[in-house]
Amino acid sequence: ALRRGKDKNMQAHSLFEGSFSVDASKKFIPFDPRKDSKKDRPGSLFIHVHPFLIESANGLILIDTGIGHTNADGRLQLHDNIQRAGFDAGDVRYVLLSHLHKDHAGGMVMNDGGALRLAFPDAEYVVQRGEWEDAYSGKSDSYRTEIFDVLQRSGNLVLVEGDGSLNNEIRYEISGGHTPHHQVFHIQVGGDHYFYGGDEAPEPEQFFRQFAAKYDYDGRRSMALRQQYWDQGSAEGWIFLMYHSTNIAIGRPEPKENGGYRLVDAAG
């Protein structure tokens, strides 16, 4: 049976996986600001990782799956985080993947006695077909194909193309800024409109600073998309889910007295 989360009013939950630094090697190294210094890691980006869980009438929705860390007894941290939020990992019905870089897709599988198995065996894993093909092309070391092999054999893979709807609550849109076939999600549950922009809208600051990021496939496109998402989302009252945010991970635009909008924490 599906259990309600601890926050009865909020249907979205951050499954915070940790704080990391990333340099040119593309390795995600845990970063604890209480004992680690940014000065010791020159040329690094400092990010958090927040997969999200959303309660819906059609079952639990997991958006991106984190890096795939395990705890001391070998259990997937993502499973622990879902339990801590008041749910059972077995109730996840949809795993929505914006793209397949290892920091977003690592938790789609788990190690079970030395064998890789799906972390959410009762879920449909939703991926853009072009992203799936790019992941296997060998052109980027940001992908771990051994975990995709597990998904391919499972029968749980749902390849989508372009824009569309999975059901009356979940819409996907191909956006193509961060990777050529990156997708974003609109999820409408409980009267709220949640928007997940993946790595094209990964943290609040990027809505308010115009810049083209070097780590994007098309930085100018991502920049234009962020502006579009913010303008439309502010006007329509979307709740933004921001995967790499170091402050507000679940935020709602609020009108400012002198015009425009600011982002306020909506995590309850």
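Below: a short report on this structure. Note that the coordinates shown come from a computational prediction; the quantities given were computed from them, not determined experimentally. Each chain has its residues counted from 1, following the order in which its sequence is written. Local features in a predicted model are, by the rule used here, given only for residues with pLDDT of at least 70; side-chain atom pairs are given and counted only at 80 or more, and totals for whole chains, interfaces and linings are based on all residues. To obtain the side-chain values, all non-hydrogen atoms of the structure were included, while hydrogens and water were left out.

1. As for the side chain of Asp64
Secondary structure elements are defined from DSSP: runs of H or I of at least 4 residues count as helices, runs of E of at least 2 residues count as strands, and each element is numbered from the N terminus. Examined against the element boundaries, Asp64 turns out to sit in the loop between strand S6 (60–63) and helix H1 (77–84). Buried and unpaired, Asp64 has Arg144 as its nearest opposite-charge partner, separated by 14 Å. Engagement of the side chain of Asp64 in a polar contact is seen with the side chain of His104, the distance being 2.8 Å. Contact criterion: two residues are considered in contact whenever any of their non-hydrogen atoms come within 4.5 Å of each other. The contacts of Asp64, once residues within four sequence positions are left out, are Pro51, Leu96, Leu97, Ser98, His99, His104, Tyr196 and Tyr243. Partly exposed describes any residue whose relative accessible area lies between the buried limit of under 20% and the exposed limit of over 50%, with all areas from a 1.4 Å probe on protein chains only and scaled to the type maximum. We treat Lys and Arg as the positive residues and Asp and Glu as the negative residues; His and chain ends play no part in the count. What makes a salt bridge here is a side-chain nitrogen of Lys or Arg within 4 Å of a carboxyl oxygen of Asp or Glu, nothing more. Under the rule applied, a polar contact is a pair of N or O atoms within 3.5 Å (in protein, one hydrogen donor and one hydrogen acceptor; residues adjacent in sequence only if both atoms are side-chain atoms).

2. Comments concerning the nonpolar core
Core analysis: the biggest nonpolar cluster contains 30 residues, and Ile82, Val92, Leu100, Met108, Phe120, Tyr125 and Phe148 have the highest contact counts within it. Mapped onto this core, the elements with two or more residues apiece are S6, H1, strand S7 (92–96), strand S10 (124–128), helix H3 (129–135) and helix H4 (145–154). Among the elements that take part in this core, H4 stands out by supplying four residues, more than any other. When sequence neighbours within four positions are dropped, the list of residues in contact with Phe148 reads Leu100, Ala105, Met108, Trp132, Ala135, Tyr136 and Tyr143. Val22, Tyr94, Ile170 and Leu241 belong to the second largest nonpolar core, which has 27 residues in total. Only buried residues count toward a nonpolar core. Its members are Ala, Val, Leu, Ile, Met, Phe, Trp, Tyr and Cys residues joined through side-chain atoms within 4.5 Å.

3. Quick look at the packing of aromatic side chains
Only centres within 6.5 Å qualify two rings of Phe, Tyr or Trp (six-membered ring in Trp) as a pair; their planes then separate them into stacked at under 30 degrees, edge-to-face at over 60, and tilted for everything else. Scanning the entire structure with this criterion turns up 14 aromatic pairs. Between Phe52 and Tyr196, the aromatic rings sit 6.1 Å apart at their centres with planes inclined by 65°, giving edge-to-face as the arrangement. In this pair, Phe52 sits in strand S5 (residues 52–54) while Tyr196 sits in strand S15 (residues 192–196), placing the two residues 144 residues apart along the sequence. Overall, Phe52 belongs to the buried group, its relative accessible area being 0%. On the basis of an interplanar angle of 75° and a centroid distance of 6.3 Å, the ring pair of Tyr196 and Tyr243 is categorised as edge-to-face. You can see Tyr196 sitting in strand S15 and its partner Tyr243 sitting in the loop between strand S16 (239–241) and strand S17 (250–255), a full 47 residues away along the chain. Judged by its relative accessible area of 0%, Tyr196 is buried. Joined through ring pairs, the aromatic side chains of Phe195, Phe207, Phe208, Tyr229, Trp230, Trp238 and Phe240 make up one cluster.

4. Some points on helix H6 (residues 219–236)
A helix is expected to span 1.5 Å multiplied by its residue count minus one. For H6, spanning 18 residues, the distance from its first C-alpha to its last is 25 Å, which sits close to the expected 26 Å at 1.5 Å a residue. Taken residue by residue, H6 has Gly219, Ser222, Met223, Leu225, Arg226, Tyr229, Trp230, Gly233 and Ser234 as its buried positions. In a view along the axis of H6, the buried residues occupy a sector of 165°, so they form one face of it. Opposite the buried face of H6, by more than 90 degrees, sit the exposed residues Arg220 and Ala235. Packed against the buried residues of H6 are strand S14 (183–189), S15, helix H5 (205–208), S16, S17 and strand S18 (261–265). Phi turns positive, to about 75°, at Gly237, one or two residues after H6. It is the directions from the helix axis to the C-beta atoms whose arc is reported.

Structural measurements only, silent on function.
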